[in-house]
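Coordinates in review
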Amino acid sequence: MTDLSDLFLRIRARHGHYCPMSTLGGRLGEMALLAVGKDAGALTATYHIDTCAADGIAVATGCLPEEGRLKMHPDGLHRLELRGEDGVGVRAELTPTALERAAACRKQLDEGGAPDEVLTELRTGPADELIALTPLAGGENDA
Ligand SMILES: [Zn+2]
């Protein structure tokens, strides 16, 4: 596991603030990267909803939209697809639990909560409660 606190610092540097969705984007990207593995070659990513999560995904996976490696395909799904050079990859999607927790965190932040306290659960909570992973075979057209 990478150093999560460093990951979230780097996400904030890119994103400009701490928030629930950029945090969950970092978790999505990190989990997808672990699942795809380091030997998959140049990675490309697609995210299916235009939220703050995109910055978290970009930082965690290294797939930057400005380099054309993170594409947005907004159709309302909190779903990341990360693929290696051969097209094999993984789908990582936020669970309903993750979305509920994100909304609760948003409310706490809006009420003046300290981000480092409010976001702890999203930063360190069990990945399998927050993210559903599905393998993607190469050549599968999931867009
Ligand atoms: Zn944000």
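This text gives an overview of the structure that appears in the document. Position numbers for residues start from 1 in each chain and track the written sequence from start to end. In keeping with the model being predicted, local features are shown solely for residues with a pLDDT of at least 70 and side-chain atom pairs are shown and tallied solely at 80 or more, while totals for entire chains, interfaces and linings include all residues.

Any set of buried Ala, Val, Leu, Ile, Met, Phe, Trp, Tyr and Cys residues joined through C-beta atoms within 7 Å is what this text calls a nonpolar core. The burial label depends on the number of other C-beta atoms within 10 Å of a residue's C-beta. Counts of 20 or more mean buried, 12 or fewer mean exposed, and intermediate counts mean partly exposed, with C-beta atoms placed from the backbone. If you look at the biggest cluster of nonpolar residues, it comprises 35 residues, and the most contacted ones within it are Leu24, Leu28, Ala32, Ile57 and Leu80. Listed by contribution, the elements that provide at least two residues to this core are α1 (4-15), α2 (20-36), β1 (44-47), α3 (53-61), β3 (79-83), β4 (89-94) and α4 (96-110). For this core, the leading source of residues is α2, giving seven residues. Two residues qualify as a contact pair if the distance between their C-beta atoms, derived from the backbone, is within 7 Å. In this structure Ala32 touches Thr61, Leu80, Leu82, Val90 and Ala92, once residues within four positions along its chain are discounted. Strands are runs of DSSP state E lasting at least two residues, helices are runs of H or I lasting at least four, and both sets are numbered from the N terminus onward.

Here, expected helix span is obtained from the residue count minus one, scaled by 1.5 Å. Its 17 residues place the ends of α2 24 Å apart at the C-alpha level, agreeing with the 24 Å of an ideal helix rising 1.5 Å per residue. Counting buried positions along α2 yields 15 of 17 residues, so the element is predominantly enclosed. Just past α2, the residue Gly37 takes up positive phi, approximately 90°.

Another aspect to go through is α4. The end-to-end C-alpha distance of α4 is 21 Å, a good match for the 21 Å that 15 residues give at a rise of 1.5 Å each. Among the residues of α4, those classed as buried are Ala98, Arg101, Ala102 and Cys105. Each buried residue of α4 lies within a common arc of 105° when the element is viewed along its axis, so the set occupies one face. α4 presents Pro96, Glu100, Ala103, Lys107 and Asp110 as exposed residues on the side facing more than 90 degrees away from its buried surface. Where α4 is buried, its residues touch α2, β4, α5 (115-118), α6 (120-124), α7 (127-130) and β5 (131-136). One or two positions beyond α4, positive phi appears at Gly112, with a value near 100°. Throughout, the arc means that of the directions going from the helix axis to the C-beta atoms.

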